[in-house]
Structures are given as C-alpha cells and as structure tokens.
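# Structure at a glance
Listed here are the chains, written in short residue letters.
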Amino acid sequence: MRTTVGIIGAGPAGLLLARLLHNAGIDSVVLESRDRAYVEQRQRAGILEQGTVDVLRAAGAGERMDREGLRHDGIELRYEKKRHRVDFPVLTGGRSVMVYAQTEVCKDLIALQLKEGGPLLFEAEALAVEGADTDTPRVRFRHEGREDVLDCDYVVGCDGFWGVARKAVPAELTRVFERTYPFGWLGVLADVPPSHDELVYARHDRGFALLSMRSPSVSRLYLQVPEGTEAESWSDEEIWDELERRFETEDGWRLERGPITQKSVTPMRSYVHEPMRYGRLFLAGDAAHIVPPTGAKGLNLAVGDVVTFARALTYEKDTGSAELLDAYSATCLRRVWQAERFSYDMTTMLHPAPGATPFDARLQLARLDRIAGSRAAETDLAEGYTGFAFD
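As the structure is a computational prediction, the values presented were derived from the model and not from experiment.

## Some words on the nonpolar core
Counting residues in hydrophobic clusters, the biggest one holds 76 residues, and the most contacted among them are V5, L16, L48, L281 and F309. Top contributing element to this core by residue count: helix α8 (residues 298-319), with 10 residues. Other than its neighbours up to four places away in sequence, L16 contacts V55, L56, A59, L109, V303 and V306. Listed in part, the 51 residues of the second largest apolar core include L210, L223, W253 and Y385.

Right, dumping it as structure tokens:
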C-alpha cells in the first residue's frame, strides 16, 4: 500500500487529521489496532474547547455536535462551602466550551471517513515505523492475519502513549519531562440528570470532586482517591455519600443520586516528549504528551497538534516550502507547555496532596479566593480553560 500520509491511530486526533487532509486534497490511510465498536465506545474526554469546536465545524464534522452537544459558558468553583461562577464569554470576548463526548466525536468522524475519505483500517496493528529519517518512511502493520507495509511520504503517530510511533525516535535525541501525582480520579457514569447545568470543581479537605455530564440525562462525576485505588473497592452508596460531602454548600444545594453504570480509576500524570518530530515522523496527542484531566486539555491538545500538521503540509503543497513542517515540534510545544502549566495549576490548586500541611491548605484557599476576587486572575483561568490558540 502507498499513501501520502500514514496515520497510526483512529482516535479523535487521527480521524480529524484524515478529515483535514481529505478537505485539502491530500490522501491518507488510517491504521487502527482496535475494532470499530471499541473506538466508538471507549470513554475518554468530554470537554471541547472553543478552538476544537470551530475546527470540527469547519471540517464538516459539527452538525450533530451542534445539535446534541451542550454549550457551557462557565464553570463553578466550590471551596469552604462557597460557590463562585467563572463566566467564560464575559472574560474571554465570547469564548465558551462544548460538552460532547469523545465517543461521539469519533462516531461522527468515522462516518465521514468511511463515506468520503481514504482507507480506514480497523484491527490493523502497527508494528513499527521504519525509515523515519528518510524520504520514504513506512509503517509495518498486521491486518487480517498477515503482515503488510504502508509506504508513505509522512507518518503521523496518533497512537497514544503505548503506541509504536514514539519508539522510532532515537533515544539519544529524546528528552522526557514528567510528573506523577500521588492520587487518581475515581470516575463514575450515572443515569441521573446532572445536578447543575455547568461543571462544578470542588476543593475539599477530604479531596477534590468534579461534577460533569455526558448528556441531559447522564451524569459524569469524579472523586479524588489515593493512587492505586481499585474502582470496585468503593460501593455505590459510599461514592454518593462522599460526593455529597465534597460538594456541600452553604445554600443547601442538593446532589441528585441515580444508578451508577460504570466505574473506573484514572491515574494522574504530566508527560512531555521532546521533540515531537523526527525526520518525516510527527507525533500527536498522547504519543507526545499527557496532562492530568483537571484542565480538560488532553483531547484539545491532540486536535491542536493535527491542525498544526495539516496546515503545515497544506502550506508545503501550495508553496513548496517546508518551513511550517520544520517548525512543527516547536509550534506544538509552545501550546503544550502552556496547557501543562494550566493543568498543573488547576490540579495543585484543587487536590489536597497526601501529607499536605495546614500551610498548603491555606495556600490553595488563597489561590481560589484570588480567582473569586480578581478579574485578572479569573480571566487567566477562563482563557486557559476555553483554550490556547492553534498557531
């Protein structure tokens, strides 16, 4: 097989890249190790920044999102039983976010790719990227029980942290920056309408809690738990009781309970791999960087990466200049590090760490009071949350 761009991974980044390239008249092949049902059902992110929403609309993938997604114009911060709403449009000149699950983004993009785009091969396991430092890189993969080779002009690794793409970058050229947090998130899906119409971020001495949603009838909720916690070690009743404690307010706000349909624990870590390019191999999304979920940045960073690549390749196609391709890693990393900073700030402000002192607790509360009392601090949070420019 031969194509201009070989894309490893059919998550939202790989699928969106295929769509952007198709719209630019550039052919691609997408290789995905899992089957279609798995890709369309795996629960991941659910918050789309303004820039991501705009890109999906421009790519022709926004119709169902606009019909079924939930536009959010703010978030609520809770601490010491107090409530403070951050108004995004007022603080950012009209920007907002959209609650629309990654599963739904993937469904929309898969449908478009199969209808209009190039080959999308499910259950096609990438085995290795070869010749990344040459003009003819290739991806060895296994599909339908036999090995094959995809010859490309470029390879984009959208295959996540455990994928093969990053392994093709020589270790001596690599720098890794990471931080592991001593806690995780116990996340649940519950068949109950959300108890608030916007996301609620709660800082409590017992631990962080987040109220989110997947739809008007399905709630997504999270509890900070110790690192290594097993999801099933918490009963449904214990989860609801703890959520109630952490979300408690002075004005008697109530958390509605319902049947919990799914439980899982998400570890918390920050990770950046530099560079994000080696020869004709480009890394995107979790293959190059991971952020703790507190800032809702993971999917949106991946979108920024593939937008940057698609623009750069289109520029080369139109002008013959590789200037933007050569700048890919540096361009992406500027945005990545701002997102890492924002996610770190949100995480350390809202999560009491094991062994935290009373001094540490007071600093967290002071940071929250600063946001609640300073338009400048509040604007910084709103700008970070609604997203950094894809440039």
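Next, the rest of the story.
## Remarks on the sheet that holds strand β3 (residues 47-48)
Two orientations exist for strands paired in a sheet by backbone hydrogen bonds: parallel and antiparallel. Strand order across the open sheet formed by three strands is β3-β7-β4, with antiparallel pairing between neighbours. Both outer strands of the open sheet, β3 and β4 (70-72), are each paired with one neighbouring strand and no more. Summarising the sheet, β3 and strand β7 (residues 97-99) pair through two bridges and their orientation is antiparallel. Each bridged residue has a counterpart across the sheet, and for L48 the counterpart in β7 is M98.

## Some points on the packing of aromatic side chains
Across all of its chains, the model carries 16 aromatic pairs by this definition. The interplanar angle of 45 degrees and the centroid separation of 4.8 Å between the aromatic rings of W185 and Y222 together place this pair among those described as tilted. In this pair, W185 is assigned in strand β13 (residues 175-190) and Y222 in strand β16 (residues 218-226), connecting sequence segments 37 residues apart. Pairing F309 with Y328 gives two aromatic rings, centres 6.3 Å apart and planes at 90 degrees, and the pair type is edge-to-face. On the criterion of sequence distance, the pair formed by F309 in helix α8 and Y328 in helix α10 (residues 328-350) is long-range, its members being 19 residues apart. Feature note: the residues F88, W185, Y201, F208, Y222, F342 and Y385 constitute an aromatic cluster, connected by ring pairs. Here the guanidinium or amino end of R34 rests over the ring plane of Y38, the centre of that ring lying 4.1 Å away. The lysine or arginine in question, K297, covers the ring of Y385, its NZ or CZ lying 5.7 Å from the ring centre.

Conventions used here
Residues numbered from 1 in each chain as written. Predicted model: local features only at pLDDT ≥ 70, side-chain atom pairs only at ≥ 80, totals over all residues. Heavy atoms only, no water. Core = buried A, V, L, I, M, F, W, Y, C linked by side-chain atoms within 4.5 Å. Buried < 20%, exposed > 50% of the residue type's maximum accessible area, 1.4 Å probe, protein only. Helix = DSSP H or I, 4+ residues; strand = E, 2+ residues; numbered from the N terminus. Contact = heavy atoms within 4.5 Å. Pairing = 2+ DSSP bridges. Phe/Tyr/Trp six-rings, centres within 6.5 Å; stacked < 30°, edge-to-face > 60°. Lys NZ or Arg CZ within 6 Å of the ring centre and 35° of its normal.

So, to be careful, I would describe these as geometric facts and stop short of saying anything about function.
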